[in-house]
Amino acid sequence: MNKKNILLGIFLLAAAGMNAQNVTAEKSVIDMGEVLYRTPASVVFTLHNKSANELRLETVRTDCGCTDVKFPINGIAANSDFKIEAIYDAKTLGHFQKQIGVYEAGSDKPIMLTIKGVVVSEKKDFNGKYPYTIGDFLTDVDNVEFDDVNRGDRPIQKIHIQNKSDKVAEPQVMHLPPYLRASVQPKRLAPGYKGVISIQLDSRKLRDFGLNQTEVYLGLFPGDKVNENNVLPVSAVLLPSFAHLNAAQRASAPVFNASSTKLDLGSFGNKKKLKGTILITNKGKKTLEISSLQMSTVGLEVSLNNTHIEPGKSAKLKITALAGLLQRRRPRVLMITNDPNQPKVVINVVTR
């Protein structure tokens, strides 16, 4: 019996006993469907600490080296949910089923999670359209967004592409910052053929909380030129962690409240500027701190008259849209707060 089978046998024996008493899984088996060969794919399990006490996970074990996991290293508050991310990097084609054992500190009886699916050389399940053009490719998206990322997460976004040139393409994602990785399947695309680009974010390498924005470029071949026609914007929103707070600290935390999360500024007409105001109120018990205030696009100006709002007090967020500069794609204002239930707040701005 080889090492892999021995380890799997230990997992199954443990699973035959009692699961970790304090941990339950919302869904213990996730079918990942089709995943691409040698292209990391991830899923997230939601689990729950049903006990009245804080707990810690001692470790999370997998039955093969092709599966990586990310799990909370800090204490998990009583009666609260937490996430475990499984990243599967297929080394062989065909069906797969992998086991993950979650061990609570002080217990040798894990709760078992399972991922399954089928590894393919080319995905057949995308029947959508390719409405955008980026360089020599038709694509299903014109930007990549990683929203609500926690430190340690490594999410993956996929871009479906079609080679619209008359040459055999070797698709390249160029000018990647250190926190992004990209892979392409298949490696070569004949004219008219389709493929998938997988872009993975390593949140550990993001420096700042809040909105992080960059631009990468899609090239037809290695060494292809970079220009405004093959640019692909990528954004990531990194959230602060409040996993260390206990129940009493959460009960006394600040509470963010906005008069609205959608600001309709109306029509520009002949106006050069449109202005509006959002009222922010702290309905909690401690000072509300706005640590980051960012715009998703050029053409917006914002000002906040107070970034430290005492309990029961309010502050005014003034937003100005500039005609001719405002990009129409989802203009919004993003705030990072110390409200553990609303670490990120987005104000959507509408103009006509």
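From a predicted model like this one, the values you see are computed outputs, not experimental measurements.

**Student:** What is the right way to look at the overall build of the chain in this model?
**Tutor:** Helix and strand counts for the chain come out as 2 helices and 26 strands. Projected onto the principal axes, the alpha-carbon positions of the chain cover approximately 75 × 65 × 30 Å. Across the 352 residues in the chain, those meeting the buried criterion constitute 46%. Element-wise, carbon and sulfur atoms account for 48% of the exposed surface of the chain, whose accessible area totals about 18,200 Å². In the chain, the 47 positive side-chain charges and the 33 negative ones have mean positions that sit 3 Å from each other.

**Student:** Looking at this structure, how should I read the sheet that holds strand β7 (residues 94-104)?
**Tutor:** By definition, the strands of a sheet pair up through backbone hydrogen bonds, in either a parallel or an antiparallel sense. Strand order in the open sheet formed by 4 strands is β2-β8-β7-β4, with mixed pairing between adjacent strands. In this open sheet, the two edge strands, each paired with only one partner strand, are β2 (29-36) and β4 (57-62). Each adjacent strand pair in this sheet contributes to an overall mean axis angle of 20 degrees, direction not counted. Looking at chain direction, β2 and strand β8 (residues 111-120) are connected through 6 bridges and run parallel. Bridge pairing in β8 links Glu34 to Val118.

**Student:** Got a minute to help me understand the pairing of strand β21 (residues 288-295) in this structure?
**Tutor:** Where a strand is regular, its side chains alternate between the two sheet faces. Inspection of the sheet shows β21 paired to strand β23 (residues 308-309) by 2 bridges, in the antiparallel sense. Counterpart to Leu288 in the pairing with β23 is Ile309. In terms of strand pairing, β21 meets strand β25 (residues 332-337) through 5 bridges, oriented antiparallel. Paired with Leu293 across the strands is Met335, a residue of β25.

**Student:** Help me understand the pattern of salt bridges in this model?
**Tutor:** Two side chains with opposite charge may pair up if their charged atoms get near one another. A complete count under the given rule lists 8 salt bridges for this structure. Among the salt bridges present, the one from Asp68 reaches Arg154, with a minimum N-O distance of 2.4 Å. Of this pair, Asp68 sits in strand β5 (residues 67-70) while Arg154 is found in the loop between β11 (144-150) and β12 (156-163), placing the two residues 86 residues apart along the sequence. For Asp68, a relative accessible area of 33% gives the class partly exposed. Look at Arg154 and you get buried, because its relative accessible area is 14%. In this structure, Arg207 and Asp208 form a salt bridge, with 3.3 Å as the shortest nitrogen-oxygen distance.

**Student:** I'm lost on the sheet that holds β25 in this one. Help?
**Tutor:** Spatial strand order, β19-β26-β25-β21-β23: 5 strands in an open sheet with mixed pairing. The outermost strands of the open sheet, each flanked by one partner alone, are β19 (262-264) and β23.

**Student:** I tried to follow the nonpolar core on my own but got confused; where do I start?
**Tutor:** Nonpolar side chains in soluble globular proteins tend to be buried together. Residues Met32, Phe45, Leu47, Leu57, Tyr88 and Ile115 are the most contacted members of the largest nonpolar core, which totals 27 residues. Listing elements by their share of this core, those giving two or more residues are β2, β3 (41-49), β4, β6 (80-88), β7 and β8. Residues within four places of Leu57 in sequence aside, it is in contact with Phe71, Pro72, Ile76, Phe82, Ile84, Val102, Tyr103, Glu104 and Ala105. The next biggest cluster of nonpolar side chains, apart from the first, holds 24 residues, and it includes Ala169, Val184, Leu201 and Leu238.

Definitions and cut-offs
- Residues numbered from 1 in each chain as written.
- Predicted model: local features only at pLDDT ≥ 70, side-chain atom pairs only at ≥ 80, totals over all residues.
- Heavy atoms only, no water.
- Helix = DSSP H or I, 4+ residues; strand = E, 2+ residues; numbered from the N terminus.
- Buried < 20%, exposed > 50% of the residue type's maximum accessible area, 1.4 Å probe, protein only.
- Areas by Shrake-Rupley, 256 points an atom, 1.4 Å probe, with all protein chains shown as cover.
- Lys, Arg positive; Asp, Glu negative; His and termini not counted.
- Charge placed at Lys NZ, Arg CZ, Asp CG, Glu CD.
- Pairing = 2+ DSSP bridges.
- Axes fitted to C-alpha atoms, helices over the stretch in contact; angles between N-to-C directions.
- Salt bridge = Lys/Arg side-chain N within 4 Å of Asp/Glu carboxyl O.
- Core = buried A, V, L, I, M, F, W, Y, C linked by side-chain atoms within 4.5 Å.
- Contact = heavy atoms within 4.5 Å.

Function cannot be read off these values alone, since they describe shape.
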